[in-house]
Amino acid sequence: MKQSKVFIPTMREVPAEAEALSHRLLLKAGLIKQSTSGIYSYLPLATRVLNNISNIVREEMESIDAVEILMPALQQAELWEESGRWGAYGPELMRLKDRNGREFALGPTHEEVVTSLVRDELKSYKRLPLTLFQIQSKYRDEKRPRFGLLRGREFIMKDAYSFHADEESLDATYQDMYNAYSKIFKRVGINARPVVADSGAIGGNHTHEFMALSEIGEDTIVYSNESDYAANIEKAEVIYHPSEKHTETAELSKIETPNVKTAQELADFLNRPLDEIVKTMIFKVDGEFIMIIIRGHHELNDVKLKAYFGTENVEMASQDEIVNLVGANPGSLGPIHNKEIKIYADNYVKDLNNLVIGANEDGYHYVNANVERDFNIDEYGDFRFILEGEMLSDGSGKAQFAEGIEVGQVFKLGTKYSEAMNATFLDNQGKAQPLIMGCYGIGISRTLSAIVEQNNDDNGIIWPKSVTPFDLHLITINPKKDDQRELGDQLYDQLNGQFDILYDDRKERAGVKFNDADLIGLPMRVVVGKRAEEGIVEVKQRLNGESEEIHVNDLENYLKDLYDNLK
Ligand code: ATP
Ligand code: MG
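Residues numbered from 1 in each chain as written. Chains lettered and ligands numbered in written order. Predicted model: local features only at pLDDT ≥ 70, side-chain atom pairs only at ≥ 80, totals over all residues. Heavy atoms only, no water.

As recorded by an unreviewed UniProt entry, the protein chain carries the name Proline--tRNA ligase and is attributed to Staphylococcus capitis. According to its UniProt record, the protein chain has this under Catalytic activity (unreviewed entry): "tRNA(Pro) + L-proline + ATP = L-prolyl-tRNA(Pro) + AMP + diphosphate". Regarding the protein chain, the relevant UniProt record gives this comment under Subcellular location (unreviewed entry): "Cytoplasm". (UniProt positions renumbered as here; feature names shortened; annotations may be inferred.)

The helix and strand inventory of the protein chain stands at 14 helices and 31 strands. The C-alpha extent of the protein chain, read off along each of the three principal axes, is 95 × 65 × 50 Å. Expressed as a percentage of the 567 residues in the protein chain, the buried residues total 51%. In the protein chain, once contacts between residues fewer than 6 apart in sequence are set aside, the share between residues at least 24 apart is 69%. (Helix = DSSP H or I, 4+ residues; strand = E, 2+ residues; numbered from the N terminus. Buried < 20%, exposed > 50% of the residue type's maximum accessible area, 1.4 Å probe, protein only. Contact = heavy atoms within 4.5 Å.)

Evaluated as defined, the whole model comprises 34 salt bridges. With a shortest N-O distance of 2.8 Å, E390 and R384 are connected by a salt bridge. Note on R384: relative accessible area 0%, which makes it buried. Of the charged contacts in the structure, one is a salt bridge between D518 and R525, with a shortest N-O distance of 2.6 Å. Of the residues examined, D518 reaches a relative accessible area of 15% and is grouped as buried. It is possible to trace a salt-bridge network through shared partners that takes in R12, D504, R506, K513 and D516. (Salt bridge = Lys/Arg side-chain N within 4 Å of Asp/Glu carboxyl O.)

On to the sheet that holds strand β5 (residues 94–97). With antiparallel pairing, the three strands of this open sheet are ordered in space as β4-β6-β5. One side of each edge strand has no neighbouring strand; the edge strands of this open sheet are β4 (74–76) and β5. Between one strand axis and the next, the sheet turns by 35° as a mean value, whatever way the strands run. Inspection of the sheet shows β5 paired to strand β6 (residues 103–106) by four bridges, in the antiparallel sense. Among the inter-strand pairings, K97 is bridged to a residue of β6, identified as E103. (Pairing = 2+ DSSP bridges. Axes fitted to C-alpha atoms, helices over the stretch in contact; angles between N-to-C directions.)

What links the strands of a sheet is backbone hydrogen bonding, and the strands pair in either a parallel or an antiparallel sense. Taken in spatial order, the three strands of this open sheet run β13-β19-β18, and their pairing is antiparallel. In this open sheet, the two edge strands, each paired with only one partner strand, are β13 (253–256) and β18 (355–358). In this sheet, adjacent strand axes meet at a mean angle of 30° when their direction is disregarded. Both β13 and strand β19 (residues 364–369) contribute to a ladder of four bridges, which runs antiparallel. Along β19, the bridge assignment pairs I255 with H365.

This part covers the coordination of the magnesium ion (ligand 2). Donor atoms from the polypeptide that bind the magnesium ion (ligand 2) are E406 (OE) and Q409 (OE1), placed at 2.0 to 2.3 Å. The exposure class of E406 is partly exposed, given its relative accessible area of 21%. (Donors = N, O, S within 2.8 Å, 3.2 Å for Na, K, Ca; no water.)

Moving on, we come to the domain arrangement of the protein chain. Buried accessible area, meaning the area lost when the parts come together, often serves as the stated size of an interface. One can read the domain layout of the protein chain as domain 1 (49–209 + 404–448), domain 2 (251–379) and domain 3 (469–563). With centres defined by C-alpha atoms, the gap from domain 2 to domain 3 works out at 68 Å. (Domains from an automatic or database assignment.)

Two faces make up the sheet, and in a regular strand the side chains alternate between them. By the bridge criterion, seven bridges tie strand β10 (residues 207–213) to strand β21 (residues 400–414) in an arrangement that is antiparallel. Of the residues in β21, the one forming a bridge with L213 is G404. Summarising the sheet, strand β11 (residues 219–223) and β21 pair through five bridges and their orientation is antiparallel. Considered in β21, the bridge of D219 is made with G404. Pairing between β21 and strand β24 (residues 436–443): six bridges, direction antiparallel. In the sheet register, G414 faces β24, and the bridge partner there is M437.

Along the polypeptide, G488 turns up in helix α12 (residues 482–495). Sequence-distant contacts of G488, defined by excluding residues within four places in its chain, comprise L474, T476, Y503 and V528.

So, about the site of ligand 1. Taken together, 14 residues lie near ligand 1, and R140, E142, R151, G152 and E406 sit nearest. At 3.2 Å from an oxygen atom of ligand 1 is found a main-chain nitrogen or oxygen belonging to G443. Against a free-state accessible area of 580 Å², the protein chains account for coverage of 81% of ligand 1. Elements with a contribution of two residues or more to the shell around ligand 1: β8 (154–164) and β21. The element contributing the most residues to the shell around ligand 1 is β21, with four residues. Residue composition of the shell around ligand 1, by class: five nonpolar, four polar and five charged. (Near = heavy atom within 4 Å. Polar contact = N/O pair within 3.5 Å; in protein donor to acceptor, adjacent residues only side chain to side chain. Areas by Shrake-Rupley, 256 points an atom, 1.4 Å probe, with all protein chains shown as cover. Nonpolar A, V, L, I, M, F, W, Y, C, P; charged D, E, K, R; others polar.)

Below is the structure:
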């Protein structure tokens, strides 16, 4: 394509709010344009990359017998009521009404639609397993859309759904998907790591996320240097290794702690280490209040709380609720009270005696509180985030941390949707059974951004050849000069068809053209300049900056070789 005809609005300065490197580069190189918060247009270069990514995804999906369909983005509320998610999904669901007042949602995901699609058709076990996939825009009214395409409100997803007669069949497809995802991310040029993730209220080890390693990533990955252990920090289990209590049990006493709110402030006030302080929080689990205590240097992990109680319906009690319940504000809460509230404690609270706790009276704490003597704990559990350097649950050494971008996820759904929506098949005994399901997503537009996040240098993007918008950037330095223009045109005609070519025929200064070429980041560059008359051009590689002068007679072979050896 001739660059003079393509729409590539490169920018010199990008808006300050573009924090992520990939966001800045995509704006700067003229690939995307924001329409409004979290919503973007994909311009020609981005569209070509998206198509390349999508085609790789299609190939890998088809190689494991998944078949492509396209379902509606507009989904009637009735379907979501059947699954119970019309109420449960929350403000991320984009809801709207048609002219008759009937309610709809713009699909954030397609479990409901796909389950309703197959439930009338897949009646016999002989038709199973079946895997369907689609590539389509999804809509989520994210609380904090940011980092450009990494967290949008409209984004492109590949979503696949599989249907099975038994668990073994689901396991096999899950493994196929897992392998296909590993191949996809490798092929598109992403260093991604599968990690065990939390499967919400379903429980168990039923899901992996694929994390593109990147500092900007919003997820923390916990991994081992000694084994292939890798988990999302939300899921990484903390094993309890008891340590000796180091002090004699002392007498309970109440002390005044004016203006002390946080555990750190309390530790400073009492001149004691933070890990000897205990934090108390009140949560509402399925509408019932519970108290939870953990040590001062630990952070509560609400994903573990949800998994422990087997419900998504877990939220922090509001300040008003807390004051009503125990008569004190957060900051002075503690487990000594006379209310019917169950008390849960993180396992590591066991290591302490003489706890410092809130007195349920604003501005007061107890020191030397002891379990059994002064209050009881109903249950102990693993309720906190693991710390870097702690022992991993597989016994393989110490927890290492890295940041990652979730580019994909595979998930065993089981019968959650088929039971709620009455999607059954007849087994080989002629008995009706709920379909067993899996679902598998890849953020196509997020993947585009993750590729840029991992493939760049100070001058711009460096496209992996598998997804690059064009293979070759052909640049005439000065198209006003006849010999240069003619040779440029001739090479464009000759090489077009063998390579995808972006031909910079613009009447711009050489500096502008080279800057843009670096920014756009095509893997190979052919520059027609001063030596055009002699039939000599310069060939340069984007990745390593190496360049060589080549005679046009040798050019085709030289480029073929170069292309074959590209990353
Ligand atoms: P996150 O935890 O990042 O919000 P998610 O776990 O809710 O994502 P899934 O429901 O698993 O997302 O969706 C499948 C894939 O779609 C994700 O792995 C991710 O690559 C992509 N995705 C999800 N939300 C967004 C978004 N707001 N913008 C871009 N891509 C997204
Ligand atoms: Mg996910």
